[in-house]
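A structural walkthrough
Next come the chains, spelled out residue by residue.
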Amino acid sequence: ILIYIYLSILNLLTVWVMMAQLQQGGPDEKEKTTALKDLLSRIDLDELMKKDEPPLEFPDTLEGFEYIFNEKGQLRHIKTGEPFVFNYREDLHRWNQKRYEALGEIITKYVYELLQTECHLKKVTLPVDATESEPKSFIFMSEDALTNPDKLLVLIHGNGVVRAGQWARRLIINEDLDSGTQIPYIKRAIEEGYGVIVLNPNENYIEVEKTKAQVQLSSDSSDEPAEKRERKDKIQKETKKRRDFYEKYRNPQKEKETMQMYIRDNGSPEEHAIYVWDHFISQSAAENVFFVAHSYGGLAFVELMIQREAEVKNKVTAVALTDSVHNVWHQEVGKSIREWMRENCCNWVSSSEPLDTSVESMLPDCPRVSAGTERHELTSWKSFPSIFKFFSEAVEAKNSAVKPTPTRRSNRIKYEEL
């Protein structure tokens, strides 16, 4: 690869010399100079390095990657017993990243299987009235999620590549299943008599490969004036000519061109949360509904409160946020919601302080306490025991008509005064 880069640089120098010679000529030479300048502006070494890149073809099973989860839930190499290695091929970061993403997709399916086999949750298709041909999403729920008369736990993960049942893909791959998935929450909830609903807020669309006709259709505008269309065709031909010339200096692996087809009423995490509330959570028999929402999941919950304030206040007993990124000012949260959040929510945030230590905040919403870790992705796992204690205290306080304190501490901040 280094030799290839060296030769590429020599080629670039040759082009610069040619440009210097052409600039001394007439109009034709200047036109060639312009073309060469355009070529140089498009060349970058990252693209050039793709020429010697191995095919972007990866196994579709854990065994194909030669990895397996051991009895501790840690991902280990089948032969060496070593943890996952990102830099499988030196100096090929793009290829290594694609390999990591391919493994991540396999792990997502693996977690889905665990939700059904180990946690005994059922998969429910969304929208509930979806036709056979339209894009679909899904959530997971326990058999008694809608019929349990006592307690219901709702789990919402953050934004990004994670899907239902996960807190952080990085933790699943580099640490273990307990810290990276929602499985410990689900198992404990079931043991303590909760029904469970696991949201899937990042499953907002499906990707389908564009056909040549679709690509052509997206680039054509049949209602354009003939003159404008001819001018555009001429520009496209010139662009293609330059691109073909450029392709002699690079030969990257061409990835398939795709288009996104959004899922009805579930096109964003916020839409998804509201949809699941309307069709499932609000219809449940549980007297006490509890939420655990991580990162962007906290923002989605606050948006749900804004859209369904009266229903949420009537149905939800307590909310545990973990390093939530919600913002009561940006989301224009009203005073009545802020007051409810101060009494019924607690945000376990990343902090160097010991677990459950009060953490100051300039925002007048819910109390903030330390999750006992400075790592954002670990906050849900580290605060796990405190959150279930918080829920138990909330039920006791509700039954005795006294509001709970998120933790046992004497120096709770007076948010009302702030």
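Quick summary incoming for the structure in this document. Not measured: the values here are computed from a predicted model.

Scanning the protein for helices and strands turns up 15 helices and twelve strands. Counting every position in the protein, which comprises 418 residues, the buried fraction comes to 45%. Residue pairs at least 24 apart in sequence account for 71% of intrachain contacts in the protein once pairs closer than 6 positions are excluded. On the protein, roughly 22600 Å² of surface is accessible, and the fraction owed to carbon and sulfur atoms is 50%.

Turning next to the nonpolar core. Considering soluble globular proteins, one finds that nonpolar side chains tend to be buried as a cluster. Residues Leu75, Ile107, Leu153, Val292 and Phe391 are the most contacted members of the largest nonpolar core, which totals 48 residues. Residue contributions to this core peak at nine residues, all from helix H4 (residues 93–117). Once residues lying within four places of it in the same chain are set aside, the contact partners of Val292 are Leu153, Val154, Leu155, Ile156, Trp167, Tyr185, Ala320, Ile387 and Phe391. Core analysis: the second largest hydrophobic core is formed by 37 residues, Ala145, Val302, Trp340 and Cys366 among them.

Time to look at the pairing of strand E11 (residues 345–349). In terms of burial, E11 is largely enclosed, as five of its five residues are buried. Side-chain alternation along E11 places Cys345, Asn347 and Val349 on one buried face and Cys346 and Trp348 on a second face that is also buried. One ladder, built from three bridges, connects E11 with strand E12 (residues 368–370); its direction is parallel. In the strand pairing of E12, Val349 is matched with Ser370.

Take helix H15 (residues 384–399) next. One full turn of an α-helix is made of 3.6 residues, so residues set three or four places apart face in the same direction. Between its first and last C-alpha atoms H15 spans 23 Å; for 16 residues at 1.5 Å apiece the expected length is 22 Å, and the two agree. The complete set of buried residues in H15 reads Phe384, Ser386, Ile387, Phe388, Phe390, Phe391, Glu393, Ala394, Val395 and Ala397.

This part is about the environment of Glu203. Structurally, Glu203 can be placed in the loop between strand E6 (194–198) and strand E7 (205–209). For the pair Glu203 and Ile139, spaced 64 residues apart in sequence, the C-alpha to C-alpha distance is 9.6 Å. For Glu203, the contacting residues outside a window of four places in its chain are Tyr112, Ser137, Arg163, Ile263 and Asn266.

Each aromatic ring pair is described using two quantities: the centre-to-centre distance and the angle formed by the ring planes. On inspection of all chains with the given rule, the structure shows 22 aromatic pairs. Residues Phe138 and Phe140 carry aromatic rings whose centres are separated by 5.7 Å and whose planes lie at 85 degrees to one another, so their mutual orientation is edge-to-face. Neither residue differs from the other here; Phe138 and Phe140 are each classed as buried. For the pair Phe291 and Phe301, a centre-to-centre distance of 4.9 Å together with 55 degrees between the ring planes defines the contact as tilted. Taken together, the residues Phe291 in strand E9 (residues 288–294) and Phe301 in helix H11 (residues 296–307) connect sequence positions ten residues apart.

So, about the sheet that holds strand E5 (residues 151–156). On the basis of which strands lie adjacent, the open sheet formed by eight strands has the order E3-E4-E6-E5-E9-E10-E11-E12 and mixed pairing. At either end of the open sheet lies a strand with only one pairing partner, and these are strand E3 (122–126) and E12. Between one strand axis and the next, the sheet turns through 20 degrees on average, direction left out of account. Where E9 lies against strand E10 (residues 316–322), six bridges are found, and the strand directions are parallel. Counterpart to Phe290 in the pairing with E10 is Ala318. Sheet strands touched by helix H7 (residues 183–191): E5, E6 and E9. Its angle to E6, the strand with the most contacts, is close to 155 degrees. On top of the sheet, helix H10 (residues 269–279) reaches E3, strand E4 (137–141), E6, E9 and E10; it is set at about 110 degrees to E3, its chief contact.

Let's shift gears to the pattern of salt bridges. Counted by the stated rule, this structure contains 13 salt bridges. Residue Lys79 pairs with Glu66 through a salt bridge whose shortest N-O separation is 3.3 Å. With Lys79 in the loop between strand E2 (75–77) and H4 and Glu66 in the loop between helix H3 (45–49) and strand E1 (67–69), this pair connects stretches of sequence that are 13 residues apart. Glu309 is the salt-bridge partner of Lys313, the closest N and O atoms lying 2.7 Å from each other. Placement of both Lys313 and Glu309 in helix H12 (residues 309–315) is noted, with a separation of four residues, approximately one turn of the helix. Exposure remark for Glu309: the relative accessible area of 24% places this residue in the partly exposed category. One salt-bridge network, in which partners are shared between bridges, spans Arg170, Glu175, Arg375 and Glu377.

What follows deals with the environment of Pro269. Inspection of the secondary structure assignment puts Pro269 in helix H10. When its relative accessible area of 11% is taken as the criterion, Pro269 is described as buried. Not counting chain neighbours up to four residues away, the residues in contact with Pro269 comprise Pro201, Asn202, Asn204, Tyr296 and Ala300.

Here we come to the packing of H10 against H11. Packing of H10 against H11 leaves a shortest axis separation of 9 Å and a crossing angle of 55 degrees. In terms of axis orientation, H10 runs oblique to H11. Remark: the crossing between H10 and H11 carries right-handed chirality. Packed against H10, whose contacting residues are Pro269, Glu270, Ala273, Ile274 and Trp277, the element H11 presents Tyr296, Leu299, Ala300, Glu303, Leu304 and Gln307 at the interface. When its residues are assigned to classes, the contact of H10 with H11 shows eight nonpolar, one polar and two charged.

We now examine unusual backbone geometry. Cis geometry is adopted by the peptide bond preceding Pro127, which originates at Leu126 and carries an omega value of -10 degrees. Within the secondary structure, Pro127 is located in the loop between E3 and E4. Unlike most non-glycine residues, Glu66 shows phi in positive territory, near 65 degrees. For Asp356, which is not glycine, the phi torsion reads 75 degrees and is therefore positive. Looking at the secondary structure, you find Asp356 in the loop between E11 and E12. Among the residues examined, Asp356 registers a relative accessible area of 23% and is labelled partly exposed.

Conventions we followed
- Residues numbered from 1 in each chain as written.
- Predicted model: local features only at pLDDT ≥ 70, side-chain atom pairs only at ≥ 80, totals over all residues.
- Heavy atoms only, no water.
- Helix = DSSP H or I, 4+ residues; strand = E, 2+ residues; numbered from the N terminus.
- Buried < 20%, exposed > 50% of the residue type's maximum accessible area, 1.4 Å probe, protein only.
- Contact = heavy atoms within 4.5 Å.
- Areas by Shrake-Rupley, 256 points an atom, 1.4 Å probe, with all protein chains shown as cover.
- Core = buried A, V, L, I, M, F, W, Y, C linked by side-chain atoms within 4.5 Å.
- Pairing = 2+ DSSP bridges.
- Expected span 1.5 Å × (residues − 1).
- Phe/Tyr/Trp six-rings, centres within 6.5 Å; stacked < 30°, edge-to-face > 60°.
- Axes fitted to C-alpha atoms, helices over the stretch in contact; angles between N-to-C directions.
- Salt bridge = Lys/Arg side-chain N within 4 Å of Asp/Glu carboxyl O.
- Parallel < 35°, antiparallel > 145°, perpendicular 65-115°, else oblique.
- Left-handed = near helix turned anticlockwise from the far one by under 90°.
- Nonpolar A, V, L, I, M, F, W, Y, C, P; charged D, E, K, R; others polar.

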